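Chain by chain, the residues run as shown.
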Protein chains: 2
Amino acid sequence: MIKLYNFLPPGNCYKVRLLLTQLDIPFEKIEVNILKGESRTLEFLAKNPNGRVPVLKTQSGQYLAESNAIIFYFSEGTQFLPSDSFLRAQVLQWLFFEQYSHEPFIATSRFWITYLGKAEEYTEALEQKRAPGYAALAVMEKHLQQHSFFVGEQYSIADICLFAYTHVAHEGNFDLTGFPAIQAWIKRVEAQPLQISIDR
Amino acid sequence: MIKLYNFLPPGNCYKVRLLLTQLDIPFEKIEVNILKGESRTLEFLAKNPNGRVPVLKTQSGQYLAESNAIIFYFSEGTQFLPSDSFLRAQVLQWLFFEQYSHEPFIATSRFWITYLGKAEEYTEALEQKRAPGYAALAVMEKHLQQHSFFVGEQYSIADICLFAYTHVAHEGNFDLTGFPAIQAWIKRVEAQPLQISIDR
């Protein structure tokens, strides 16, 4: 059986659990508590020298890191990734947008506030995250004003990827009140099969 | 002919110019001077709401943003992307590593120092970029101690992607002296056909 080295809170790990569950692919979860430094041990670094979760171990014993690389890998040939080459490129566009323009601001704020409980200590750093975080949400809102899902008008890993940290953005003190199209899209994603059954 | 909205200095634009040239795909370059705010005009935001270069316009008039999505799109079915599904996933792993763990530190330092000329003004921010930037280089060094290229022992877009900002890391005050495997890999990448003819 494949193994997923993961931690409950990060959206990056949630993405993989969600896709594998929706694809009905059985997997063993191995908890790596990053708050206790478990992703920086020599044993873990042998799996991913970059010291981050999630990491996937295939049945043949190979390791794969980076949440978006993992979900792309499993979605190929399924309903969660378009077969058209340009649509696939658009999916990747959103996956890279998420890692560069969304996650470093919205996910990091959530981590500091909700998981480290250090909102006061990180006041200045949190303040710097607000403008780029809201800019990312504005890009999403604009797109979703004209589209039901991010690519090809159907649910794909682009939605899984962006949903992961957006639906918990409030835990990083990002307010979605001014983003009605995002709110409606969150409801559409939550209405997908099995979405409700994922650990988080 | 396809159009590439790009700017000379950023490695993210260089990646696309390099791959298209090595693939012998003709393209029209349209300069977008980000130092003059040209990527934030209403006209440009209609092409990429995220306000970043590069952006590609296909012959059918569709736009695609995110450098790594663009190079993945053009490399599919060519020698620059493995056909094996797991090797492709490993390529994507390095592409996401580059955007999350490498570019925000090494490329941003280079931009502040060499293009904005504001090393003094950004002293503290630059200091914060050093540890994660060197950590990314250490991950690359460790991998290249055992491999000639990043994936499958052959030159691919994973190498193009990581080469873009690594070979100019010194412009961000990152010293590659302690990274002999990276230095040797840079020479291997520079020995690829047409590498020398790209604008930079």
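Notes on the structure in this doc start here. Along every chain, residues carry numbers that run from 1 in the direction the sequence is written. Note on labels: chains are lettered from A, ligands numbered from 1, in written order. Under the rules for a predicted model, residues below a pLDDT of 70 receive no local features and side-chain atom pairs below 80 are neither given nor counted, while totals for whole chains, interfaces and linings still include all residues. Excluded from the side-chain calculations are hydrogens and water; all other atoms, namely the structure's heavy atoms, are used.

What follows deals with helix α3 (residues 67-75) of chain A. Residues and elements named next belong to chain A. For α3, the buried fraction is high: eight of the nine residues fall into the buried class. Each residue gets one of three labels from its accessible area relative to the maximum for its type: buried under 20%, exposed over 50%, partly exposed in between, using a 1.4 Å probe on protein chains only. Numbered from the N terminus, helices here are DSSP runs of H or I no shorter than four residues, and strands are runs of E no shorter than two. What α3 keeps buried is the set Ser67, Asn68, Ala69, Ile70, Ile71, Phe72, Phe74 and Ser75. Positive phi appears at Gly77, one or two residues downstream of α3, with a value of about 80°.

The next thing to look at is the sheet that holds strand β3 (residues 55-57) of chain B. All names here are of chain B. A pair of strands is treated as paired once DSSP finds two or more bridges between them. With respect to topology, four strands assemble into an open sheet ordered β2-β1-β3-β4, the strand pairing being mixed. The two strands at the open ends of the sheet, each matched to only one other strand, are β2 (27-31) and β4 (63-65). Mean inter-strand twist for the sheet, computed between neighbouring axes without regard to direction, equals 20°. Strands in contact with helix α1 (residues 11-22) are β1 (2-6), β2 and β3; relative to β1, the strand with the most contacts, it is inclined by about 155°. The angle between two axes is taken between their N-to-C directions and runs from 0 to 180 degrees, where each axis is a line fitted to C-alpha atoms and a helix contributes only its stretch in contact. Any two residues having at least one pair of non-hydrogen atoms within 4.5 Å are treated as being in contact.

Turning one copy of the chain about an axis and sliding it along that axis gives the other copy, so a rotation and a shift relate them. Copies overlap after least-squares fitting; the atoms used are the C-alpha atoms of residues with pLDDT of at least 70 in both. Here chain B sits on chain A after a turn of 180° about the axis and a move of 0.0 Å along it, with an RMSD of 0.0 Å. Seen this way, the second copy is the image of the first under a two-fold rotation axis. The position closest to the rotation axis in chain B is occupied by the C-alpha of Tyr100 of chain B, lying 3.1 Å away. Comparing interface residues between copies, 100% of those in chain B also lie at the interface in chain A; the contact surface is shared.

With that settled, the discussion passes to the interface of chain B and chain A. The interface of chain B with chain A comprises 32 residues on the first partner and 32 residues on the second. Between chain B and chain A, a total of about 3,100 Å² is buried, with carbon and sulfur atoms accounting for 64% of that surface. The term salt bridge refers to a pairing of a side-chain nitrogen on Lys or Arg with a carboxyl oxygen on Asp or Glu at a separation within 4 Å. Summed over the shared surface of chain B and chain A, the result is two salt bridges. Of the charged contacts in the structure, one is a salt bridge between Arg88 of chain A and Glu76 of chain B, with a shortest N-O distance of 2.9 Å. As used in this structure description, the phrase polar contact means that two N or O atoms lie within 3.5 Å; if the pair is within protein, one of them must be able to donate a hydrogen and the other to accept it, and residues adjacent in sequence are counted only when both atoms belong to side chains. Linking chain B to chain A there are eight residue pairs in polar contact (both at pLDDT 80 or more). Every element with two or more residues in the side of chain B that touches chain A is listed here: β4, α3 (67-75), α4 (85-115) and α5 (123-144) of chain B. Residue polarity is assigned by list, with Asp, Glu, Lys and Arg as charged and Ala, Val, Leu, Ile, Met, Phe, Trp, Tyr, Cys and Pro as nonpolar; anything else, Gly included, falls into the polar class. Grouping the constituent residues of the side of chain B that touches chain A by class yields 17 nonpolar, nine polar and six charged. We define buried area as the total accessible area lost by two parts upon association, computed with a 1.4 Å probe and summed across both.

As a further point, take the sheet that holds strand β1 (residues 2-6) of chain A. Residue and element names in this part refer to chain A. Taken together, four strands build an open sheet; the order of strands is β2-β1-β3-β4 and the sheet is mixed. Lying at the two open borders of the sheet, with one neighbouring strand each, are β2 (27-31) and β4 (63-65). Adjacent strand axes in the sheet meet at a mean angle of 20° when their direction is disregarded. Those strands touched by helix α1 (residues 11-22) are β1, β2 and β3 (55-57), and its axis lies near 155° from that of β1.

All right, on to helix α5 (residues 123-144) of chain A then. Residues and elements named next belong to chain A. Multiplying 1.5 Å by the residue count of a helix minus one yields the expected span of that helix. Between its first and last C-alpha atoms α5 spans 31 Å; for 22 residues at 1.5 Å apiece the expected length is 32 Å, and the two agree. Largest kink in α5: about 30°, centred on Arg130, with the proline Pro132 one to four residues after it. Taken residue by residue, α5 has Leu126, Lys129, Gly133, Ala136, Leu137, Val139, Met140, Glu141, His143 and Leu144 as its buried positions. To get the bend at a given residue, fit one axis to the seven residues ending there, fit another to the seven starting there, and take the angle between those axes.

Taken as a whole, the second largest pocket holds about 600 Å³ of empty space. Only protein atoms enter the calculation, which uses a 1 Å grid: trapped sets of points that fit a 1.4 Å probe without letting it out are cavities, open sets showing protein on both sides within 12 Å along at least five of seven lines are pockets, and any residue with an atom within 4 Å of a point is a lining residue. Contributing to the lining of the second largest pocket are 26 residues, with Gln93, Trp94, His143 and His147 of chain A together with Pro49 of chain B lying nearest its centre. Elements supplying a minimum of two residues to the lining of the second largest pocket: α4 (85-115) and α5 of chain A together with α2 (42-47) and β4 of chain B. Ranked by the residues each element gives to the lining of the second largest pocket, the list is headed by α4 of chain A, at five residues. Classifying every residue of the lining of the second largest pocket by side-chain character gives 12 nonpolar, 10 polar and four charged. Grid points are joined across faces, edges and corners, and a volume is the space filled by probe spheres set on the points.

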